[in-house]
Amino acid sequence: MSTQPVHVIGGGLAGSEASWQLAQAGVPVILHEMRPVRGTDAHKTEGLAELVCSNSFRSDDAEINAVGLLHAEMRLANSLIMSCGDANQVPAGGALAVDRDGFSDAVTAKLEAHPLITILREEVEGLPPADWDKTIIATGPLTAPSLAAAIAEATGADALAFFDAIAPIVHFDSIDLDVAWFQSRYDKVGPGGTGKDYINCPMDKDQYLAFVQALIDGGKTEFKEWEGTPYFDGCLPIEIMAERGVETLRHGPMKPMGLTNAHNPEVKAYAVVQLRQDNALGTLYNMVGFQTKLKYAEQTRIFKMIPGLENAEFARLGGLHRNTYLNSPTLLDGSLQLKSRPGLRFAGQITGCEGYVESAAIGLLAGRFAAAERLGRPLPVPPLTTAFGALLNHITGGHIVSDEEPGKRSFQPMNVNFGLFPPIEAPKSEGKRLRGKEKTNAKRRAITARALVDAREWLGVAPAREAAE
């Protein structure tokens, strides 16, 4: 068996988790962390796995919340991040929130004490040399400019670091299709299309004018000082367009031309909001042209003014911020390996996931894939029915390629959510027809129950009952 180490670049949550998984599998690790030799605009300490935006890992409910399910799967996989999070928990209701310093100190201490992990405090300025053999890059959204430039050059990306304009994404089954309808503009059939490739939500004049005013009046988030104000063509926030004139939106992303309301063909809509399928499963739809800097609560309130979206559930809300990530579905294989350079993997936010827990989970998977490869024990990808598999599939191939927005814009960073899982029917309740929230929660419980069974099988972990006996 080879004892040559695997190199991990980046000591955030993903790099720390990848290093732990490798070492626990018996594979030596050299973990490269540039702090404190070189700092970032967001980090304040030199601790590993420093939390920079929030101390919350979000919901810990593994029955009806997708991130809670991911917590549970990570615990089954003996995650360092989850064990240190649990050990440093602070009160937060049903969420898992942690003491920032205690958490980082615990992760750092565990990694420093592991006999198979060597931590080097140094900046890696370019792609790893060939003699490193196997490497995981987990440098996050604040990748050092020299390394980002090297990655961009190697992957053929025009610009790896850029301001990411993200439109809200809606769960398909929360859209009211008694109001909205399927139709492409002028019934145009594009590649792989049917002429009914968009969901259309109509507005009359009064609804439109009220909506535009709400966009103008809505509370906005500010850019961080080091981000600047990076508006650029094609990614102008919807509220900035609204401020440019009351007619701007209905001659832009909300134009009604070429569309006929299937529910009321005689009445021409004054404006139309279009949603486009966002994932291969058809469970998520993207609000076309709705990138925004509105605060999250304002987005939810204002976008539910749109006819057909009154009860919308959002898989993610919109944003515009500095981000650094790969066009992973094009560049990475199913084990997070760069297709053009075997042995080089990526993990964490740089792959196109969002959130502390998601970043750590992708680090966990990258570590396990690299360990299996080093030990000569091929590891299949996790089932799509698990949170691990659903998130990995989104990153490496679950998106829809858009002819209108080719390349990177057809792939958006995403938190784990139930829209990434294969659909499942809500279990029947004898003598009772489930509706609304009851039905939604029943479906979610069915998804999570299926996921935990499949995750245990993939990880080789005994079911809870067997483990207790």
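Residues numbered from 1 in each chain as written. Predicted model: local features only at pLDDT ≥ 70, side-chain atom pairs only at ≥ 80, totals over all residues. Heavy atoms only, no water.

A short note on the packing of helix H2 (residues 66–76) against helix H10 (residues 356–374)
Convention followed: Axis angles are defined between N-to-C directions and span 0 to 180 degrees, where every axis is a line fitted to C-alpha atoms and, for a helix, only to the segment in contact. By definition, any uninterrupted DSSP run of H or I lasting at least four residues is a helix, any uninterrupted run of E lasting at least two residues is a strand, and each is numbered from the N terminus. Crossing handedness: left-handed means the near helix sits turned counterclockwise from the far one by under a right angle, and right-handed means the same turn made clockwise. Any two residues having at least one pair of non-hydrogen atoms within 4.5 Å are treated as being in contact. As a working rule, the residues Ala, Val, Leu, Ile, Met, Phe, Trp, Tyr, Cys and Pro are called nonpolar, Asp, Glu, Lys and Arg charged, and the rest polar, with Gly in that last group.
Running from amino to carboxyl end, H2 crosses H10 at an angle of 35°, the nearest separation of the two axes being 10 Å. In this structure, H2 meets H10 at a crossing whose hand is left-handed. Two secondary-structure elements touch here, H2 through Val67, Leu70, His71 and Met74 and H10 through Val357, Glu358, Ala360, Ala361 and Leu364. The residue inventory of the contact of H2 with H10, partitioned by class, reads seven nonpolar, one polar and one charged.

Side note on the sheet that holds strand E5 (residues 95–98)
The condition is simple: Pairing between strands is defined by DSSP: at least two bridges between them are needed.
Read across the open sheet, the three strands follow the order E3-E5-E4; overall the sheet is antiparallel. Either end of the sheet is taken by a strand with one partner, and the two such strands are strand E3 (56–59) and strand E4 (89–90). The sheet strands contacting H2 are E3 and E5, and the helix crosses E3 at an angle near 115°. Running at roughly 80° to E5, helix H3 (residues 80–87) makes contact with E3, E4 and E5 of the sheet.

Here's the deal with the sheet that holds strand E1 (residues 6–9)
The five strands are arranged E6-E2-E1-E7-E16 in an open sheet whose pairing can be described as parallel. Of all the strands in the sheet, the pair left with one neighbour each is strand E6 (117–121) and strand E16 (344–346). Along the sheet, successive strands turn relative to each other by an average axial angle of 20°, direction set aside. Here strand E7 (residues 135–137) pairs with E16 via three bridges, running parallel. Within E16, the residue paired with isoleucine 137 across the bridge is phenylalanine 346. Contacts between H10 and the sheet are confined to E1, E7 and E16, with E16 contributing the most and set at about 160° to the helix.

Observations concerning the pairing of strand E11 (residues 198–203)
Counted only if it meets this: Note on classification: 1.4 Å probe, protein chains only; a residue is buried when its accessible area is under 20% of the maximum for its type, exposed when over 50%, partly exposed between these limits.
When you tally the buried positions in E11, you get six out of six residues, the bulk of the element. Taking every second residue as pointing to the same face, both faces of E11 are buried, with Tyr198, Asn200 and Pro202 on one and Ile199, Cys201 and Met203 on the other. Direction of pairing for strand E10 (residues 181–182) relative to E11: antiparallel, over a ladder of two bridges. Bridged to phenylalanine 182 within E11 is isoleucine 199. The sheet contact formed by E11 and strand E12 (residues 271–277) spans six bridges and is antiparallel. Bridge assignment links tyrosine 198 to a residue of E12, and that residue is arginine 276.

Everything listed here is a matter of coordinates, which is why it stays silent on function.
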